Amino acid sequence: MKYKIYILIFFFGMIFMPQINHAQVDFNKTPDDDLGNVEDKTQELFFEALKQKAIENYDRAVTALLQCIEIDKSQSVFYYELGKNYNLLKNFGEAEDALKKAIKEQPDNEWYLDELYDVYAQQNDYDKAIKTVKQLVKYHPDYKEDLAMLYFKNKDYNDALKILDELDKEQGITPSRDLMRNQIYAATGRKKDQIENLEERVENHPDEESNYLALIYRYSENNDKEKAFETAKKLLEIKPNSQLVHLALYKFYLEGNDPEKAIASMKIVLQSTQINPDAKIMVLSDFVKFVGQNPEYEQDLVEATSFALDDTNEKSQIELAQYYLTKGDKAKALTHFNEALKMDADNFTVLKNVLLLDIDLGHYQEAASKSKTALLKFPSQPLLYLVNGVALNKLNRAEEAIESLETGLDYIIDDPKMEADFYKQLSLSHTSLNNTVKAKTFRDKAKQLEPTN
């Protein structure tokens, strides 16, 4: 975390401010030495350095700053700017040396320290970065989170956790710090400490829902289902209107053979505006599997999906379509596949299912039209030509079928079964046109490709 409040005007004023002298000075008097106006020359060089840095000519900026230092070695800002330019040139050794000289002149200057921290951070020199950030914390407590991260990267896990504990007490819990904390627990295998930390949070902040949810997750991860279930029930007592808790409860109810409560929880999840679509899809998938084994609850599934599905939830539509396929209800499966296709017209797997179901259900006009449109997007997919040919044959449009099928044959690669299907359809097309010789030829080709068992 960087805190750069560098005000050049301040520096200019400090560097080039005329010295106040109580004695009378004759400004018209010619200088006694022959050095010329040193102050003007230094100012000119310094502004040149700033200009060159602004247009990313860092080498030229360095040259100008070295000339400034040659004239006046006492100005810390020259070393600071020199260090910044070396840093931008990735010349970290020279950058460190220059910034250390600046800090030697002004040990408490936070901008100088911050730039030195950046030099170390870019080199992943965590020991030196830690030492520098410890000084910066005096000026900005927000650097403490940087310090925790540096301890973490340096594998000083105890020091990192100590800082995180302090920050949580001072500023409250944040997702970024929790992520770091969990990474430390994962790296060290300290699951017990992780759970104890969450238990303490629940005890200290009994109205904070997120603490319960995190604890439920960690108990479940640790295979302590009993404690996870108890924590979920406790959260429900404290917050009866909680929706997120049902993401855990429905699983516990299913495993505990309490289907009525499980279904009630699943319905809450699927109706929730707080729960993201991916989580809902997981619940819906479990709901579908449950109803597959317990068909007496199918009406509950229908009811749940009526408010769970929306125009943007493609995955849930596919999930339901697959469920109805396993049930043998092709009409309902087709309805949901069609809804999914509306959301993603480029999903070839869904498109294939729609076309095959249209054929199975005798929707030949729809199959012919959809497959023709699909060929504009997928001109090298032989299945589309086959579906188109089948549909056209069923519609007694044999000549169009032959054209489509013969084109599709060119796209078949190492698929004897599909090739045989093409020949069968071509045989049907020629039969309907009374081309008996060609019909027999294609029929024979199909037979030659069929496996002999």
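Residues numbered from 1 in each chain as written. Predicted model: local features only at pLDDT ≥ 70, side-chain atom pairs only at ≥ 80, totals over all residues. Heavy atoms only, no water.

Caption draft 1: Geometry of the overall build of the protein. A tally of regular secondary structure across the protein gives 25 helices and zero strands. For the protein, the proportion of contacts with a sequence separation of at least 24, taken over those separated by at least 6, is 49%. Working note: accessible area of the protein is about 26,000 Å², and carbon and sulfur atoms make up 50% of it. (Helix = DSSP H or I, 4+ residues; strand = E, 2+ residues; numbered from the N terminus. Contact = heavy atoms within 4.5 Å. Areas by Shrake-Rupley, 256 points an atom, 1.4 Å probe, with all protein chains shown as cover.)

Caption draft 2: Expanded view of helix H3 (residues 58–71). An ideal rise of 1.5 Å per residue puts 20 Å on 14 residues; H3 measures up with 20 Å between its terminal C-alpha atoms. When we look at burial in H3, the residues that qualify are Tyr 58, Ala 61, Val 62, Ala 64, Leu 65, Cys 68 and Ile 69. Along the axis of H3, the buried positions cluster into a sector of 165°, meaning they face one direction only. Across H3 from its buried face, at more than 90 degrees, point the exposed residues Asp 59, Arg 60 and Glu 70. (Expected span 1.5 Å × (residues − 1). Buried < 20%, exposed > 50% of the residue type's maximum accessible area, 1.4 Å probe, protein only. Arc of directions from axis to C-beta.)

Caption draft 3: Seen up close, helix H4 (residues 76–88). In a regular helix each residue adds 1.5 Å, so 13 residues correspond to 18 Å; H4 covers 19 Å between its end C-alpha atoms and thus fits that length. Within H4, twelve of the 13 residues are buried, which leaves the element mostly enclosed by the surrounding structure. One or two residues past the end of H4 sits Lys 90, with phi positive at roughly 65°.

Caption draft 4: Main features of the nonpolar core. By size, the foremost hydrophobic cluster in this structure holds 72 residues, and its most contacted members are Phe 287, Leu 301, Leu 351, Leu 384 and Phe 422. Looking at this core, the element that brings in the most residues is helix H22 (residues 382–394), giving eight residues. When near neighbours in sequence (up to four residues on either side) are disregarded, Leu 351 contacts Leu 341, Ala 374, Phe 378 and Leu 384. Ala 95, Trp 111, Leu 113 and Tyr 151 belong to the second-largest nonpolar core, a separate cluster that totals 48 residues. (Core = buried A, V, L, I, M, F, W, Y, C linked by side-chain atoms within 4.5 Å.)

Caption draft 5: Layout of the confidence of the model for the protein. For the protein, per-residue confidence averages 86 on the pLDDT scale, and 89% of positions sit at 70 or higher. By mean pLDDT, the top-scoring element of the protein is H22 (96), and the lowest-scoring one is helix H1 (residues 8–16) (38). (pLDDT = per-residue confidence, 0-100.)

Caption draft 6: Structural view of the packing of helix H11 (residues 191–204) against helix H12 (residues 209–221). Running from N to C, H11 and H12 point in directions that differ by 150°, and their axes come no closer than 9 Å. The angle between H11 and H12 falls in the class roughly antiparallel. Read as a crossing pair, H11 and H12 show a hand that is left-handed. Touching Gln 194, Ile 195, Leu 198, Glu 199, Arg 201 and Val 202 of H11 are Asn 211, Tyr 212, Ala 214, Leu 215, Arg 218 and Tyr 219, all from H12. Partitioned by chemical class, the residues of the contact of H11 with H12 number seven nonpolar, two polar and three charged. (Axes fitted to C-alpha atoms, helices over the stretch in contact; angles between N-to-C directions. Parallel < 35°, antiparallel > 145°, perpendicular 65-115°, else oblique. Left-handed = near helix turned anticlockwise from the far one by under 90°. Nonpolar A, V, L, I, M, F, W, Y, C, P; charged D, E, K, R; others polar.)

Caption draft 7: Quick look at the packing of aromatic side chains. Counted under the stated rule, the structure contains ten aromatic pairs. The rings of Phe 229, Phe 252 and Tyr 253 are connected pair by pair, giving a single aromatic cluster. Above the face of the Phe 229 ring, Lys 233 is positioned so that its terminal group lies 4.4 Å from the ring centre. (Phe/Tyr/Trp six-rings, centres within 6.5 Å; stacked < 30°, edge-to-face > 60°. Lys NZ or Arg CZ within 6 Å of the ring centre and 35° of its normal.)

Caption draft 8: Structural context of unusual backbone geometry. Even without glycine at this site, Glu 56 takes up a positive phi of about 70°. Structurally, the position occupied by Glu 56 is in the loop between helix H2 (38–54) and H3. Positive phi outside glycine occurs at Lys 155, with the angle close to 65°. Residue placement: Lys 155 occurs in the loop between helix H8 (143–153) and helix H9 (157–171).

Caption draft 9: Seen up close, the pattern of salt bridges. What the rule picks out here adds up to 27 salt bridges. Linking Glu 221 and Arg 218 is a salt bridge whose minimum nitrogen-to-oxygen distance equals 2.9 Å. Note that Glu 221 and Arg 218 are positioned in helix H12 at a spacing of three residues, about one turn of the helix. Taking the shortest distance from any N to any O, the salt bridge between Glu 230 and Lys 233 comes out at 3.2 Å. Separated by three residues within a single helix, Glu 230 and Lys 233 lie in helix H13 (residues 225–238), roughly one turn from each other. Overall, Lys 233 belongs to the partly exposed group, its relative accessible area being 31%. The structure contains a network of salt bridges with shared partners spanning Glu 145, Asp 165, Asp 168, Arg 177, Asp 178, Arg 181 and Arg 201. (Salt bridge = Lys/Arg side-chain N within 4 Å of Asp/Glu carboxyl O.)

Caption draft 10: How the structure looks around the environment of Leu 351. The residue Leu 351 is located in helix H20 (residues 348–360) in this model. In sequence terms Leu 351 and Lys 370 are 19 residues apart; their C-alpha atoms lie 8.9 Å from each other.

Caption draft 11: Region of interest: the packing of H20 against H22. One can describe the packing of H20 onto H22 by two numbers: an axis separation of 11 Å at closest approach and a directional angle of 20°. One element, H20, and the other, H22, form an angle in the roughly parallel class. The crossing of H20 and H22 is left-handed. Between H20 and H22, the contacting residues are Phe 348, Leu 351, Lys 352, Leu 355, Leu 356 and Ile 359 on the first element and Leu 383, Leu 384, Val 387, Val 390 and Ala 391 on the second. When the residues that make up the contact of H20 with H22 are grouped by side-chain class, the tally is ten nonpolar, no polar and one charged.

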